[in-house]
Amino acid sequence: MTMIALGGVIGAGLFVGSRVVIQAAGPAASLSFLITGLLVVLVMRMLGELATALPGSGSFYDYARAAMGDLAGFLTGWMYWYFWVIVVALEAIAGADLIRFWLPGAPQWMLALMLLILLTASNMLTVKAYGEFEFWFASIKVAAICLFLVIGSAFVIGFWPSGTSHFTNLTAHGGFAPHGILPVLTGAVAATGFYFGAEVVTVAAAEADEPARAVARATNSVISRVLLFYVGSILLVVAILPWNSAGIATPYVSALAAMGIPAAAQIMNAIILTAVLSALNSGLYASSRMLFALTRNGDAPSALARVNRRGVPVIATLCGTLGGLAAIILSYLSPDLVFAFLVNSYGTVALFVYLFIALAELKLRRRLDVEAPERLVIRMWLFPWLTYVAIAAMLAILAAMAFIPEQRAPLTMGLASAVLFACAYGLKRWRLRAGAGSVDMPLAERQPHRSC
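Only a predicted model underlies this, so the values are computations on that prediction, with no experimental measurement involved.

Peer 1: Teacher, can you tell me more about the overall build of the chain here?
Peer 2: Helices and strands together make up the secondary structure of the chain, namely 16 helices and 0 strands. Each of the 452 residues in the chain was classed as buried or not, and the buried ones make up 57%. On the chain, roughly 17800 Å² of surface is accessible, and the fraction owed to carbon and sulfur atoms is 70%.

Peer 1: What should I look at first to understand the pattern of salt bridges in this one?
Peer 2: Once their charged atoms are close, side chains differing in charge can pair, the charge on each being opposite to the other. The full count for this structure, using the stated rule, is 6 salt bridges. A salt bridge links R365 to E49; its shortest N-O distance comes to 2.6 Å. Taken as a pair, R365 in helix α14 (residues 338-371) and E49 in helix α3 (residues 29-53) lie far apart in primary sequence, 316 residues in all. Look at R365 and you get buried, because its relative accessible area is 7%. On the basis of relative accessibility, which here comes to 0%, the residue E49 falls in the buried class. For D369, the salt bridge goes to R379, with nearest N and O atoms at 3.8 Å. Here R379 lies in the loop between α14 and α15 (385-401) and D369 lies in helix α14, a separation of 10 residues in the sequence. Using a relative accessible area of 38% as the deciding quantity, one classes R379 as partly exposed.

Peer 1: Quick question: what am I supposed to make of the environment of M79 here?
Peer 2: In this structure, M79 sits in helix α5 (residues 70-99). Sequence separation between M79 and V349 is 270 residues; the distance between their C-alpha atoms is 6.2 Å. Not counting the four nearest positions on each side in its chain, M79 is found in contact with V349, F352, V353, F356, A418 and F421.

Rules behind the numbers
- Residues numbered from 1 in each chain as written.
- Predicted model: local features only at pLDDT ≥ 70, side-chain atom pairs only at ≥ 80, totals over all residues.
- Heavy atoms only, no water.
- Helix = DSSP H or I, 4+ residues; strand = E, 2+ residues; numbered from the N terminus.
- Buried < 20%, exposed > 50% of the residue type's maximum accessible area, 1.4 Å probe, protein only.
- Areas by Shrake-Rupley, 256 points an atom, 1.4 Å probe, with all protein chains shown as cover.
- Salt bridge = Lys/Arg side-chain N within 4 Å of Asp/Glu carboxyl O.
- Contact = heavy atoms within 4.5 Å.

Worth remembering: the numbers are spatial, not functional.
Below, the structure written as structure tokens:
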């Protein structure tokens, strides 16, 4: 569980996407990741509290529904599924491009399809197979970032063969924040999507032998390490390389090359490919389990709840695969319209999900304090004040997006996606009133098989 949580956080966004924030904010990009990282730490603490007190296969879908009603649950579940389906497509495409670094003549679509089929097959086995794949993927990523922290620190301090310190890059090219504070805040908005994925551990907890203990350990691990991995490594990158150099386009590859690491591009390409496969693996798993949970209250067709003899929701898993495949096809057929809509909306949708988690924790924690305080194995710090801070921060990010030119499109597309899902909920309610709804099934009767 710990490696699943860490693997969810350390994605290709750190190794590749961080360049966007660095190029905009300079060395102060480390502050952008610190701001967003602290917010994610608070959300993970809330999830740890709720997941240990109220474990369930739908995790925060169940929490949102219990705290704020059917509409909130419907939106949370379907927006989360939508987010991961887009991630599946993006990671399959990114993985194909990385493989073409070694096989330049291979068609991108064929490599993307192969990766999608391979990871779908692994998810069709058992949740234990998913856990094994994710453990090794995450282990490679964690080992790589830890090694980078050690070697990079030695280089910056002056313990490397060159023998000189390299702190001057933090202030030598226009200062620590060369473009002022606004790009730092803009970078915090952009960095939000890079952190998304740690919450997968609370979805997987329903299939663990000891869910409360597993989630408690995993969330504590994320809290203690996420800031070190992100903020520490970004700070080292901008200390090793001038933030305005051409090498920032590939930050970690260039940093390794600057330290004289042989075959830096080959090594980092392999590590980033591992990160991409990990995200693809997590996306298929998380999307299938959320669809499975949505069937419980009639929020998704009941056929998606069918499991095979190994306890895997096969149809729900295939829906994630087909959704990802459809998005890949759209990236070729309509890259500037439909696919652009999907890419621009999914990050904002992720922020909406975090906001629903915080609102649910605020209400359910008060209920638990009265009805079952013994279930609170993990408690949110300084409740309710830090929960209020997290909610205010997320609302501030959404508001800031309206005033940041490059973030207006993602905000608009994300709101449009939320409206579409709300309309889908209205259609569901209309069908129920017309007598076409399904009967809710108790939670105990729809738990996936525990096998990890």
